[in-house]
Amino acid sequence: MVPPGSREALSKPPRTPSTGFGESTLGEVAQGDPVRLPDLATVFSKRAERLQALAEGHELEGFLRMIAALVAAQDAALRDLPPGSLPGAAEIAKGKLVGRAPLDPSAWRRDGSWRAALAHILAGIDRGKLPEAAETARAALERTGEADLEVLADRFLEGNVSPQEAAVAVFVAAALQVAWTRMAALLDLADLGVGPGKEVEADTGICPACGSPPVAGMIAPGGTKFGHRHLHCSLCATSWRYVRVRCVHCGSTDKISFRNLAGTSFLRAECCEACLGYSKVFYLESAKALEPLADDLGSLGLDLLVGEEGFARVPNPFVLGVMTTGEAESL
Ligand SMILES: [Zn+2]
Ligand SMILES: [Zn+2]
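Just so we're clear, the structure is a prediction, and the values are computed from it rather than from any experiment. (Residues numbered from 1 in each chain as written. Chains lettered and ligands numbered in written order. Predicted model: local features only at pLDDT ≥ 70, side-chain atom pairs only at ≥ 80, totals over all residues.)

### A look at the packing of helix α7 (residues 132–142) against helix α9 (residues 166–185)
Operational definition: To obtain an axis, a line is fitted to C-alpha atoms, over the contacting stretch when the element is a helix, and the angle between two such axes runs from 0 to 180 degrees between their N-to-C directions. Secondary structure is summarised from DSSP: a helix means a run of H or I of at least four residues, a strand means a run of E of at least two, and numbering begins at the N terminus for each. Here a crossing is called left-handed whenever its near helix is offset anticlockwise from the far helix by less than a right angle, and right-handed whenever the offset is clockwise. This entry defines residue contacts through backbone-placed C-beta atoms, with two residues in contact when those atoms are within 7 Å. As a working rule, the residues Ala, Val, Leu, Ile, Met, Phe, Trp, Tyr, Cys and Pro are called nonpolar, Asp, Glu, Lys and Arg charged, and the rest polar, with Gly in that last group.
It is the contact of α7 with α9, at a shortest axis distance of 8 Å, that shows an interaxial angle of 65°. As for how α7 packs across α9, the hand of that crossing is right-handed. Every residue of α9 that contacts α7 at A133, A134, A137, R138, A140 and L141 is listed here: A167, V168 and F171. A breakdown of the residues in the contact of α7 with α9 according to their chemical character gives eight nonpolar, no polar and one charged.

Structure representation (structure tokens):
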């Protein structure tokens, strides 16, 4: 249900952070919150910072700097977002009946917040960081009408982006992330069946807040024990606990094997022979500044390696353009 006061909250600047995803909260993550809703004050700014750090000397430096500029524009758009709406209690209850997450994009009609975010991103992004194809897509989107934008959003959310649309899809995805991240931050954990005192082990490979696939998993340092794994949502930035050594696509715990690139002990691909799916697992113990979406983009070489072996995943929303134009072959 919509948390009390959320109408006012939606019209106010982002709330002051109590925690952020970073070193200072690792202990808390290790304790294993079943679900962590995104922190609006830091989610995009930390991601942009991490992308800048990763870009330095990287083979895909130009691409990473472009995404850093995009994420910085997301941060600014979030701060200026007009009031929006969350699904009502009745809609959430209806979704639960058919097993849908409260913010599942297919469960109810989104409002126009995401288009406001898109306009802000298109106008505010540092155009000096955009390669020609991205600038062409940006300018085209500025001229696109409401109805066509809604069609593009539907296609992205349905995972139905054609290669010709990849460049515009990156901007559409960024705007939808802004709108969904704000909504997720305003959810009540009780809507997700978790809360203080409830020890629910999330057992789903899709986001409990919005039903989207994760970009990656993070394993917190666990002291004497093994740390928990949290998966991180590609759309709303919620993270949730998920059993280790278990396929995020089909749930199989059989025939799981790992691959990694030489020299990257902080990252492995967890590959499932049962469904030929894989997902990335980052180990915070050995590299503390990691940010799931940014580090996923910073390690596309691993995707190529396991892709060649026949394993597949849902791509990072910002990688559609890179992976479909053959640029990634230069990795
Ligand atoms: Zn989500
Ligand atoms: Zn599997």
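### Some words on helix α4 (residues 61–79)
Spelled out, the test is: Given a helix with a known number of residues, its expected span is that number minus one, times 1.5 Å. Buried, partly exposed and exposed are defined by the number of other C-beta atoms within 10 Å of a residue's own C-beta, namely 20 or more, between the two limits, and 12 or fewer respectively, with C-beta atoms placed from the backbone.
Taking 1.5 Å as the rise per residue, α4 with 19 residues should run 27 Å; its terminal C-alpha atoms sit 27 Å apart, in good agreement. Where burial is concerned, most of α4 is hidden: 15 out of the 19 residues are buried.

### Digging into the nonpolar core
Where we set the bar: By convention the nonpolar core is taken to be a set of buried residues drawn from Ala, Val, Leu, Ile, Met, Phe, Trp, Tyr and Cys and joined through C-beta atoms within 7 Å. Note that the domain bounds reflect an automated or database-derived domain assignment.
Counting 97 residues, the largest nonpolar core has F171, V172, A175, L176, A184 and C236 as the members making the most contacts within it. Ranked by residues supplied to this core, first place goes to α9 with 16 residues. Counting the residues that make up this core, at least three belong to each of domain 1 (39–190) and domain 2 (202–330). Excluding residues within four positions of it along the chain, F171 makes contact with L118, I121, L122, A137, R138 and L141.

### A closer look at the environment of L40
Turning to its location among the elements, L40 is positioned in the loop between β1 (35–36) and α3 (43–55). For the pair L40 and R79, spaced 39 residues apart in sequence, the C-alpha to C-alpha distance is 8.9 Å.

### So, the packing of helix α6 (residues 113–124) against α9
Note the following rule: Convention used here: angles under 35 degrees read as roughly parallel, angles over 145 as roughly antiparallel, angles from 65 to 115 as roughly perpendicular, and any remaining angle as oblique.
Across the interface, α6 lies against α9 with an axial gap of 8 Å and an inter-helix angle of 125°. Relative to α9, the element α6 is oriented oblique. In this structure, α6 crosses over α9, and the sense of that crossing is right-handed. Contacts between α6 and α9 involve S113, W114, A117, L118, I121 and L122 on the former and, on the latter, F171, V172, A174, A175, L176, V178 and A179. In the contact of α6 with α9, the residues fall into twelve nonpolar, one polar and no charged.

### Re unusual backbone geometry
You will see that A237, though not glycine, has its phi angle at about 65°, which is positive. Checked against the element boundaries, A237 lands in the loop between β3 (229–233) and β4 (239–242). We note that L276 has phi near 60°; this positive angle belongs to a residue other than glycine. You can see L276 is positioned in the loop between β6 (267–272) and β7 (278–283). The partly exposed category is assigned to L276, around which 15 C-beta atoms lie within 10 Å.

### Regarding the sheet that holds strand β2 (residues 214–219)
Inclusion rule: In short, DSSP must find at least two bridges between two strands for them to pair.
Here we have seven strands laid out as an open sheet, ordered β1-β4-β3-β2-β7-β6-β5, and mixed in their pairing. On the outer flanks of this sheet lie β1 and β5 (256–259), each paired with one strand and no other. Pairing analysis gives five bridges linking β6 to β7, with the strands arranged antiparallel. In the strand pairing of β7, L267 is matched with F282. Relative to the sheet, helix α11 (residues 300–308) contacts β5, β6 and β7, its axis offset from that of β6 by approximately 25°.

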